[in-house]
Amino acid sequence: MFGTKLLDRRGRPERIADQAWQHLVSAVSSAGDSVRDTARSARRGGTDLADDASDLVGAAAEEARRRATLAFDALAGRRPALPWTLLISAALVGAAIGWAAGTAARAVGSRSDRSVDDIEFVDVDRPSSPANLDG
């Protein structure tokens, strides 16, 4: 009760200034909350960005190490090793294609043999042959 009478005795400019101050305080506190939220999301985004960057740097470092080793070997006069896995896989793929082509050729050949057996040959030297119908 004492506080309300004290506030009532203030002048109008003081009340307006007090209201403006309260609005300012509430705006700053709500802005502080949104700034904290923005900072949290920026921190999360920054962490994701840092993880992506470290993956990229790690991959680039591995590639740089591999190239440096190859360059050192070339300068030392050593030839690069044969890519045995590539050669073996190419040989296996070639063998599989050859086997499939051979199987398909045998299947086509067996089908054509049956059709040759079904052909009826006509003897034109025999008088009763269907080729000599005029006689």
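Please refer to the structure higher up on the page.
So, here's what we can say about the structure. (Residues numbered from 1 in each chain as written. Predicted model: local features only at pLDDT ≥ 70, side-chain atom pairs only at ≥ 80, totals over all residues. Heavy atoms only, no water.)

## Digging into the overall build of the protein
And then number 1: Looking only at helices and strands, the protein has three helices and zero strands in total.
And then number 2: In the protein, the succession of helices and strands from N to C terminus is α-α-α.
And then number 3: When burial is assessed residue by residue, the protein has 1% of its 135 residues classed as buried.
And then number 4: Per element, the accessible surface of the protein, about 12100 Å² overall, is 64% carbon and sulfur. (Helix = DSSP H or I, 4+ residues; strand = E, 2+ residues; numbered from the N terminus. Buried < 20%, exposed > 50% of the residue type's maximum accessible area, 1.4 Å probe, protein only. Areas by Shrake-Rupley, 256 points an atom, 1.4 Å probe, with all protein chains shown as cover.)

## Here's the deal with the pattern of salt bridges
Between side chains of opposite charge, pairing is possible as soon as their charged atoms come close.
And then number 1: Counted by the stated rule, this structure contains three salt bridges.
And then number 2: As a salt-bridge pair, arginine 66 and glutamate 63 come within 2.8 Å of each other at their nearest N and O atoms. In this pair, arginine 66 and glutamate 63 are both assigned in helix α2 (residues 12-75), three residues apart and thus about one turn of the helix distant.
And then number 3: The salt bridge involving glutamate 63 is made with arginine 67; its shortest N-O contact spans 2.8 Å. Here glutamate 63 pairs with arginine 67, and both are found in helix α2, just four residues apart, close to one helical turn.
And then number 4: On the accessibility criterion, arginine 67 (55% relative accessible area) is exposed.
And then number 5: Here the salt bridges share partners, and the residues they tie into one network are Glu63, Arg66 and Arg67. (Salt bridge = Lys/Arg side-chain N within 4 Å of Asp/Glu carboxyl O.)

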